[in-house]
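# Topology and contacts: notes
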Amino acid sequence: MKYYLEWPEPDPTNLPPPAQDIEPWGETRVVGKPLPRVDAYERVSGTALYTLDMALPDMLHGAILRCPHAHARVTRLDTGRAQAMPGVRAVITAATPGAAIPWYFRGQGPTSMLFDEHCRYAGDEVAAVAAETPHQAILAARAIDVEYEVLPFVQDDAVALTPEAPAIHEGGNILGQETSGRGDVEAGFAGADVVLEQTYHTPCEIHTPMETFVTIARWDGNRLTVWDSNQGVFGIQANLARALRLPLTSVRVICNYMGGGFGSKLGLSKYTVIAALLARTTARPVKIALTREESFICVGNRAANTIKLKAGVKRDGTLTALDAVFLGSGGAYPAGATSTYLVQALYLCPNVRVEDNEVYTNAGPSRAFRAPGMPNCAWALEQMMDALATEIDMDPVEFRLKNIATFLQINDTPYTSIGLRECLSDGAKAFGWSEARARPRGRGHVRRGVGMAAGMWAYPGDPRATVIVKLFADGSVNLNMGASDIGTGTKTVMAMVVAEELGVPLDRIQIEHADTGTTQNAPSSGGSQTVLVSAPAVRAAAIEVKRQLLELAAAQLERPVEQLVFQDGEIMPADAPDQAVALADLRGLRGRQVIVGVGRRHPHPEGKIALPFAAQFAEVEVNILTGEVRVLRLVAAHDSGRVMNKLTYENQVFGGMAMGIGLGLTEERILDSRQTGKVVNANWHDYKIPTAKDVPIDQTCVPIDPHDTECNTTGAKGLGEPAHIPTAAAIANAVYHATGVRVTDAPITRGRMLSALAERRGE
Amino acid sequence: MRCWERPLIEIIRLSVNGDSHEIGVPSHYTLLETLRYVLGLTGSKQGCDKGDCGACTVLLDGLPTLSCILPVQEAIGRQVTTIEGLADPDGPHALQDALDLTGGAQCGFCTPGILMSAAALLNVNSSPTRQEIREALSGNLCRCTGYTKIYEAVELAARALREQRPPAEVLRS
Ligand code: FES
Ligand code: FES
């Protein structure tokens, strides 16, 4: 599967072999416990400093002028009036030296520029200003005189495919058209007892992290430092260096506390480069914070999808064929729109064909959004599975249990572990599935129903991470890792790994992270890979520290290393615990003052793939007079391998499901496609994300741990994304169970619910 | 005074977390801008700057208020309490401890606003039901947590305050 990171995929095949032989953990003493975060107090006291909170001496503020038209060409641009406004220190445009930076790559070639005179969506960057205050910058940006030649635009994916549609890029609007699969679908359908066909639609969703998108750029001579709210400092650094033609060592990117990203802050954004250019032009630090409205328009979204799915099944519940046609648009630039993955991988099926169509439209470019493509695909596939189960009169859980694939059918690779069976059965048990399904659904205007859906995640992680653990003379520790903590609890989990190995209490571990100037390369916090990539590296580093300590102790105790054990921060001969030496009493440590352990993530297991699985269950109430759907109860059973910290684990699951409620019921970017082509609900008032009242009081998390000893040295698999994949589909299936009506277009707004009910009544 | 008659910068007296400040502020500033950019109290967050998200919630004479849409002049002569003033010198507020213990803060950006809304609730209702908690927090958006752990934290804090015991002890019992 294509995972749309905006920098070249690193080469995971060229990793050094593991330096040590690390055994899987048996019983753990720290890992897995429900421990509060190591930085909990900072987060609840207002002292955690986010990029948005920061200011540097002499700092200017930047603002960006964006094209107001969905499709236009800049014919004249005059910055004279803006330059003369109070407080303005710089105005940059496409004509500014150094600003001709290629952008939005398709393969190796750029499809646009930092400031492109051909504007392809309402929001494309045209010019930028730096001024003494944010207000002055915004006013000056508005005062830039621009004349546009307004061009016809297209925002409907299907229309964009037609030859009459205005061409957004040279060569037309088709970005990709690919067919893949296995077996013979026609034969599969011929052998089926039941064949169903349905078209589903999922909306364009906006990430809307609570902290908006923000950068502060500052130059010291030829060296650039950027404080930036993002999900992976090393990716941002690499792309920034490439854009500005600087060596990596001249670009330092720092991100400590950040207020959420969900994929939208994985890649380098234009505003970051613009801040760097403005800072260079003015020789002063420049901060650019996008407005909330801009955050809805120009920094990514989950592309809408139309999915036509045909499926065949035998009466005994054997799937015989799946045939799917996907259409989606990542907006005006190559950004990634569709995912066919679940259709190809989730269930055992010998005959599969998927056709994936991606087009350009005049709308804001998409970006990876929590499990790119997956909840959309689940929306279609899992509703189809539900419909098939109904048709052959089989319980939906039983139907899925019958069709579990024990290997990845896309490339015939076995899984290191698969807990999908337990997710389905234990989840059903925790939910009280059979009883809940048998309960009456109500006769009045309020109907109740239950539904479920399954899912899996596709990315095994990018296994390159280097971590340094330093142990000081008093036995306290510094953990130096490049990984970002985007709110998931990375710092806490990694410190717990150190504590597990070295017996150091959490409050004696200081963490330095996500700073390209002081920490080591680690993949970004996206793709549900942070724990399973960085935690093994942390473990390796801690074990390396332990090895060196044992050597020092061996010299002091005059015993061979093999006779010594490391326990609770002390080293002792296995046969003479009374001779234990505390770390602080190790003479060799006092001499050196510091022990440095370097740890690297090991490569992935050969010939196998480690992926997480999930099943979720929902109970809903539908008011058939108003169309209102309320989610009453959710149960999530996840095989994400080992639970590293129960609190952060549950949080990921509940948070992922809340987002799923948004996809299922409320979230949808609306474009004014008939007239202006603009986003009309670019704010949280009109774009509804779930509030405390939309999320059920009753939520349960059922961790399934298959005790995977092959996936990596911690046994943990990814969690952040799987938690979001099945929720919306489970809700849709529950709505069907409650009402007998299938709503195939997400989100199930009151309007859509009422139309579907009216349609059934024949109105 | 009408807004266009105001001077560009006004000298005002503002009481924040018990401290009285005499400060010059641009007269178009909101309370949030004053807190963050004049007083340097960045704990109150700027999530949307238009009254939609609750990240900027502070207490104004004990009542939860969206500081991003409150002209700073409206806060003159009233007691402003921000997240920085929630703890007292003896230690964190029970809500802060409880939120740590349940893990109710993820990225933490919504957290200050949520804590202030929850504190306002507990000020007037010492044993809120989950329904009441949801009602009180419904103006505070959180994109990360799914709210569940936040309800648990508010319940835990309420109990701790009622029983006059630290939340950690209540959790263990
Ligand atoms: S910042 Fe005040 S409500 Fe969003
Ligand atoms: S914790 Fe991130 S928005 Fe609430």
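Treat the numbers as computed from the prediction; the structure is a model and nothing was measured.

Looking now at the packing of aromatic side chains. A complete count under the given rule lists ten aromatic pairs over all chains for this structure. With a centroid separation of 5.9 Å and 50 degrees between ring planes, the pair formed by Tyr50 of chain A and Tyr257 of chain A is classed as tilted. Residue Tyr50 of chain A is located in the loop between α1 (40-45) and β1 (60-66), and its partner Tyr257 of chain A is located in the loop between β13 (251-254) and α7 (270-282); the two are separated by 207 residues in the primary sequence. Of the two residues, Tyr50 of chain A and Tyr257 of chain A, both sit in the buried class. Taken together, the ring pairs in this structure connect Tyr50 and Tyr257 of chain A together with Phe109 of chain B into an aromatic cluster. In this arrangement the basic side chain of Arg302 of chain A is found over the ring face of Phe369 of chain A, its NZ or CZ atom lying 4.5 Å from the centre. When the ring centre of Tyr736 of chain A is taken as origin, the NZ or CZ atom of Arg742 of chain A, which lies over that ring, is 4.0 Å away.

Counting buried residues in helix α1 (residues 31-38) of chain B gives six out of eight residues, a clear majority hidden from the surface. Residues Leu31, Leu32, Glu33, Thr34, Leu35 and Arg36 of chain B constitute the buried set of α1 of chain B. Where α1 of chain B is buried, its residues meet α3 (134-142) of chain A together with β1 (9-16), β2 (19-26), β3 (57-60) and β5 (79-81) of chain B. Trailing α1 of chain B by a residue or two, Gly40 of chain B shows a phi angle of about 75 degrees, which is positive.

This paragraph deals with helix α12 (residues 420-431) of chain A. All names here are of chain A. An ideal rise of 1.5 Å per residue puts 16 Å on twelve residues; α12 measures up with 16 Å between its terminal C-alpha atoms. Where α12 is concerned, the buried positions are Leu420, Cys423, Leu424, Gly427, Ala428 and Phe431. Within α12, the buried residues cover an arc of 115 degrees as seen down the axis, which keeps them to one side. Contact partners of the buried residues in α12: α11 (396-402), α13 (433-438), β20 (446-456), β28 (613-623) and β29 (629-639). Just beyond α12, the residue with positive phi is Gly432, at close to 75 degrees.

Of the residues lining the interface, 49 residues belong to chain A; the matching set on chain B comes to 48 residues. Note on chain A versus chain B: buried area summed over both sides is about 4,100 Å², and carbon and sulfur give 57% of it. Viewed at the interface, chain B and chain A are joined by five salt bridges. A salt bridge links Arg36 of chain B to Asp53 of chain A; the shortest N-O distance between them is 2.8 Å. Run the count over chain A and chain B and you get 28 residue pairs in polar contact (both at pLDDT 80 or more). Residue assignment for the side of chain A that touches chain B shows that the elements contributing at least two residues are α1 and α17 (646-666) of chain A. A total of eight residues in the side of chain A that touches chain B trace back to one element, the largest contributor, which is α17 of chain A.

Right, let's talk about the confidence of the model for chain A for a bit. Where the model shows low pLDDT, its predicted coordinates should not be examined in detail. Overall, the prediction assigns chain A a mean pLDDT of 95, with 98% of residues at 70 or greater. Between residues 1-8 of chain A, whose pLDDT stays under 50, and residues either more than four places distant or in other chains, the model counts 31 contacts.

Now for the domain arrangement of chain A. All names here are of chain A. With domains assigned, chain A is organised as domain 1 (40-48 + 461-600), domain 2 (51-151 + 208-297) and domain 3 (305-460 + 607-760). At the interface, 26 residues of domain 2 touch 23 residues of domain 3. For the domain 2 face of the interface with domain 3, the top three residues by lost area are Tyr121, Phe262 and Phe296, together amounting to 29%. Where domain 2 meets domain 3, there are eight residue pairs in polar contact (both at pLDDT 80 or more). Broken down by secondary-structure element, the contributors of at least two residues to the side of domain 2 that touches domain 3 are β4 (102-106), β5 (109-113) and α8 (292-297). With four residues, α8 is the single largest residue contributor to the side of domain 2 that touches domain 3. A class-by-class count of the residues in the side of domain 2 that touches domain 3 yields 13 nonpolar, eight polar and five charged.

Strand pairing in a sheet relies on backbone hydrogen bonds. The paired strands run either parallel or antiparallel. Residues and elements named next belong to chain A. Across the sheet, four strands lie side by side as β23-β22-β21-β27; this open sheet has mixed pairing. Strand pairing shows two members of the sheet lacking a second neighbour, β23 (509-513) and β27 (594-600), which therefore form its edges. For this sheet, the mean inter-axis angle between neighbouring strands, taken without regard to orientation, is 15 degrees. When strand β21 (residues 466-472) meets β27, the two strands line up antiparallel, connected through seven bridges. Bridged to Thr466 within β27 is Arg600. Lying on the sheet, helix α14 (residues 490-502) is in contact with β21, β22 (477-481) and β23; it crosses β22 at an angle near 130 degrees.

Quick look at the packing of α14 of chain A against helix α15 (residues 530-557) of chain A now. Residue and element names in this part refer to chain A. Running from N to C, α14 and α15 cross one another at 30 degrees; their axes reach a closest spacing of 9 Å. Viewed along their axes, α14 and α15 adopt a mutual orientation that is roughly parallel. For α14 against α15, the interelement crossing comes out right-handed. Listed contacts from α15 to Thr490, Val493, Met494, Val497, Val498, Glu501 and Leu502 of α14 are Thr530, Val531, Ser534, Ala535, Val538, Arg539, Ala542, Ile543, Val545 and Lys546. Considering only residue class, the contact of α14 with α15 consists of eleven nonpolar, three polar and three charged.

All names here are of chain B. Under the domain assignment used here, chain B contains domain 1 (3-85) and domain 2 (94-172). A straight line from the C-alpha centre of domain 1 to that of domain 2 covers 24 Å. The interface is formed by 16 residues belonging to domain 1 together with twelve residues belonging to domain 2. Interface area, domain 1 with domain 2, both sides summed: about 1,100 Å², of which 68% is carbon and sulfur. For the pair domain 1 and domain 2, the interface holds zero salt bridges. Among the elements that line the side of domain 1 that touches domain 2, the one with the most residues is β3, at three residues. Residues of the side of domain 1 that touches domain 2, tallied by class, amount to six nonpolar, eight polar and two charged.

Parameters and conventions
- Residues numbered from 1 in each chain as written.
- Chains lettered and ligands numbered in written order.
- Predicted model: local features only at pLDDT ≥ 70, side-chain atom pairs only at ≥ 80, totals over all residues.
- Heavy atoms only, no water.
- Phe/Tyr/Trp six-rings, centres within 6.5 Å; stacked < 30°, edge-to-face > 60°.
- Helix = DSSP H or I, 4+ residues; strand = E, 2+ residues; numbered from the N terminus.
- Buried < 20%, exposed > 50% of the residue type's maximum accessible area, 1.4 Å probe, protein only.
- Lys NZ or Arg CZ within 6 Å of the ring centre and 35° of its normal.
- Contact = heavy atoms within 4.5 Å.
- Expected span 1.5 Å × (residues − 1).
- Arc of directions from axis to C-beta.
- Buried area = accessible area lost by both parts, 1.4 Å probe.
- Salt bridge = Lys/Arg side-chain N within 4 Å of Asp/Glu carboxyl O.
- Polar contact = N/O pair within 3.5 Å; in protein donor to acceptor, adjacent residues only side chain to side chain.
- pLDDT = per-residue confidence, 0-100.
- Domains from an automatic or database assignment.
- Nonpolar A, V, L, I, M, F, W, Y, C, P; charged D, E, K, R; others polar.
- Pairing = 2+ DSSP bridges.
- Axes fitted to C-alpha atoms, helices over the stretch in contact; angles between N-to-C directions.
- Parallel < 35°, antiparallel > 145°, perpendicular 65-115°, else oblique.
- Left-handed = near helix turned anticlockwise from the far one by under 90°.

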